[in-house]
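Listed below are the residues making up each chain.
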Amino acid sequence: MPTRHAAPQSQRWKALLFISIAQLMVVLDGAVMNIALPSAQQSLHFTDGSRQWVVTAYGLAFGGLLLVGGRIGDMVGRKRVFLIALAGFAIASAIGGLSVNAAMLLTARALQGVFAALLAPAALALLSLSFPQPRERAKAFGVFSAVSIAGGAVGLIVGGLLTQYLNWRFSMFVLVPVAIIGILGGSRTVHDDGERHRSRLDLPGVVLASLGLVGLVYGFGVAESRGWSSSVTIGSFTAGVLLLAAFILVQTQVTSPLLPMRVLTERNRAAAYLSVGLAIVSMFGMFLLLSYYFQQVKGWSPVLAGLAFMPMAVAQAIGATQIGARLAHRMAPRPIMVGGYLVTAVGLVLLALLDADSAFLEIAFAEAVIGLGIGTAFMPAMSISTHGVEPRDAGVASAMISSSQQVGGSIGTALLNTIATSSAATYLVSHSGPAAQAHERNQALMHGYSAAYWTAVGFVAAAALVSAVMVNAGAPKHAPASADVLPDIAPLPAH
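Residues numbered from 1 in each chain as written. Predicted model: local features only at pLDDT ≥ 70, side-chain atom pairs only at ≥ 80, totals over all residues. Heavy atoms only, no water.

1. Points about the packing of helix H13 (residues 310–328) against helix H15 (residues 360–384)
Turning to step 1, where the next piece is worked out: Contact pair H13 / H15: the axes reach a minimum separation of 7 Å and the direction vectors enclose 35°. In this structure, H13 meets H15 at a crossing whose hand is right-handed. Residue-level inspection shows Met-310, Pro-311, Met-312, Ala-315, Gln-316, Ile-318, Gly-319, Ala-320, Ile-323, Gly-324 and Ala-325 of H13 in contact with H15, the latter providing Phe-360, Ala-364, Glu-367, Ala-368, Ile-370, Gly-371, Leu-372, Ile-374, Gly-375, Thr-376 and Met-379.
Turning to step 2, where the next piece is worked out: Grouping the constituent residues of the contact of H13 with H15 by class yields 15 nonpolar, six polar and one charged. (Axes fitted to C-alpha atoms, helices over the stretch in contact; angles between N-to-C directions. Helix = DSSP H or I, 4+ residues; strand = E, 2+ residues; numbered from the N terminus. Left-handed = near helix turned anticlockwise from the far one by under 90°. Contact = heavy atoms within 4.5 Å. Nonpolar A, V, L, I, M, F, W, Y, C, P; charged D, E, K, R; others polar.)

Okay, here's the thing in structure tokens:
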């Protein structure tokens, strides 16, 4: 078990500031890219079918390597990994801003994902080590969560401003000074007093997990261009499933597994990972399609598109802090999660019913319903992701919930984009004629978006079902206190 020697109080809170800045950088990256992507696509001339890879390359590298990042931090030191990851993220962001073609941008995004996978577990571990006392720990994670929520909202606005008044490239360049501030401040204030683990890195597990995830996501991505029944699509899915099955088998045989199976066998933790992953499939794909809807169908500027996401961001903050957090002190997590996911599904139905001429109030109402629902559901879901976990497994459990988000987001972005573009193309073939104009194109786009949103409804409904069947944790007042179990506190996910 790690030994924890608390730093002076003022030093700990300064460390929290710079750890939160690192989190802000990761959150900003996803938010600004959602707004900048249409402009980047036009500038670098890549197709609608390949645009999801700009988002997916980041999420896949991030999600696929999170477990590896957590273990590397435990082995070589969390502070060292934290600072190296910040520097690497800055370099990758600069490469992205200088991209001359789609391949260069995709490479930069993948590198950002690699360094984010190192950064996120190190930041969480440093935060836990700095604040071992439950009351201070709760406050620290509250600040960390607030940065995640506020950072997503700020990123949407900043991305719009930079894209409209400067260039989409500055959505990448803006991350460089943020990383530099984190490095300069973190090197002086962040301390790593935790014990290092000297076990070997599970290289077979790393290879099998990473390639398996790549196979699954690649299958969703190529389905748009090659079709769901093509040999490439089916082969990618089959390879992905077999490799992940082999990964699970290897984890039960090696002495120092990358993912100990005991982390997954507790039903509440398993429900958190699965339900969050299913819900994120819907959310990430929805963010991408809404950004295109605002800018391509509605014709709004990047700034207006960023502002148009605010109802969802504000509602999510309210759902997490004023509804989910308050109910979580009084109720068991299951009804909160099930109710939140079902409300989210209602909001997605409202999105599916929109058309090209829908008023902003209709859009804002749908966004607000989604934000309230997902914010409420994710608060207890994040908490039970560490339910009953022993300190030696805390890093793996935290990495797993983050991995669920990133892998789910990668699959969701690829899947929903594929459904939207395929449905739109089919609509155009059956409806276009000599008089087909921009109106017909917008109708086709809306048909594609609607098909994708209905698919998203199904995934969120599945998340509600998983929560209803698997979650059985009691209300907080009934939970036994133990010095050998970490508090059920975890940060909210970033967009």
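2. Regarding the layout of surface pockets
Turning to step 1, where the next piece is worked out: Of the pockets and cavities examined, the second largest pocket occupies roughly 690 Å³.
Turning to step 2, where the next piece is worked out: Along the wall of the second largest pocket there are 27 residues; nearest its centre are Leu-213, Leu-244, Met-400, Ser-404 and Val-407.
Turning to step 3, where the next piece is worked out: Elements with a minimum of two residues in the lining of the second largest pocket: helix H2 (52–76), helix H8 (203–226), helix H9 (231–251), helix H11 (267–297) and helix H16 (394–431).
Turning to step 4, where the next piece is worked out: Within the lining of the second largest pocket, the residues separate by chemical class into 21 nonpolar, six polar and no charged. (1 Å grid on protein atoms, 1.4 Å probe; cavity = no way out; pocket = protein on both sides within 12 Å on 5 of 7 lines; lining within 4 Å. Points joined across faces, edges and corners; volume = space filled by probe spheres on them.)

3. Topic: unusual backbone geometry
Turning to step 1, where the next piece is worked out: With phi around 60°, His-45 is a residue other than glycine that occupies positive phi space.
Turning to step 2, where the next piece is worked out: Mapping His-45 onto the fold places it in the loop between helix H1 (9–44) and H2.

4. Section: H2
Owing to its 3.6 residues per turn, the α-helix aligns residues three or four sequence positions apart on the same side.
Turning to step 1, where the next piece is worked out: Between its first and last C-alpha atoms H2 spans 34 Å; for 25 residues at 1.5 Å apiece the expected length is 36 Å, and the two agree.
Turning to step 2, where the next piece is worked out: The sharpest bend along H2 comes to roughly 50°, located at Leu-66. (Expected span 1.5 Å × (residues − 1). Bend = angle between axes of the 7 residues up to and from the residue.)

5. Quick word on the packing of H2 against helix H4 (residues 102–130)
The axes of two packed helices give the description: the angle between them and the distance between them.
Turning to step 1, where the next piece is worked out: Here H2 crosses H4 at 30°, and the two axes come no closer than 6 Å. One way to sum up the angle between H2 and H4 is to call them roughly parallel. The two elements H2 and H4 meet at a crossing, and its hand is right-handed. Facing Trp-53, Val-54, Val-55, Ala-57, Tyr-58, Ala-61, Phe-62, Leu-65, Leu-66, Gly-69, Gly-70 and Ile-72 of H2, the residues of H4 in contact are Leu-105, Leu-106, Arg-109, Ala-110, Gln-112, Gly-113, Val-114, Ala-116, Ala-117, Leu-118, Ala-120 and Pro-121.
Turning to step 2, where the next piece is worked out: Across the contact of H2 with H4, the residue classes tally to 19 nonpolar, four polar and one charged. (Parallel < 35°, antiparallel > 145°, perpendicular 65-115°, else oblique.)

6. Examining the nonpolar core
Turning to step 1, where the next piece is worked out: Ranked by size, the top nonpolar core spans 124 residues in total, and within it Phe-82, Met-286, Leu-290, Tyr-341, Leu-351 and Tyr-449 carry the most contacts.
Turning to step 2, where the next piece is worked out: The biggest single contributor to this core is H11, with 18 residues.
Turning to step 3, where the next piece is worked out: Apart from the residues lying within four places of it in its own chain, the contact partners of Tyr-341 are Ser-275, Val-276, Ala-279, Gly-373, Ile-374, Ala-377, Phe-378, Ala-381, Val-460, Ala-463, Ala-464 and Ser-467. (Core = buried A, V, L, I, M, F, W, Y, C linked by side-chain atoms within 4.5 Å. Buried < 20%, exposed > 50% of the residue type's maximum accessible area, 1.4 Å probe, protein only.)

Read these as geometric descriptors, not functional statements.
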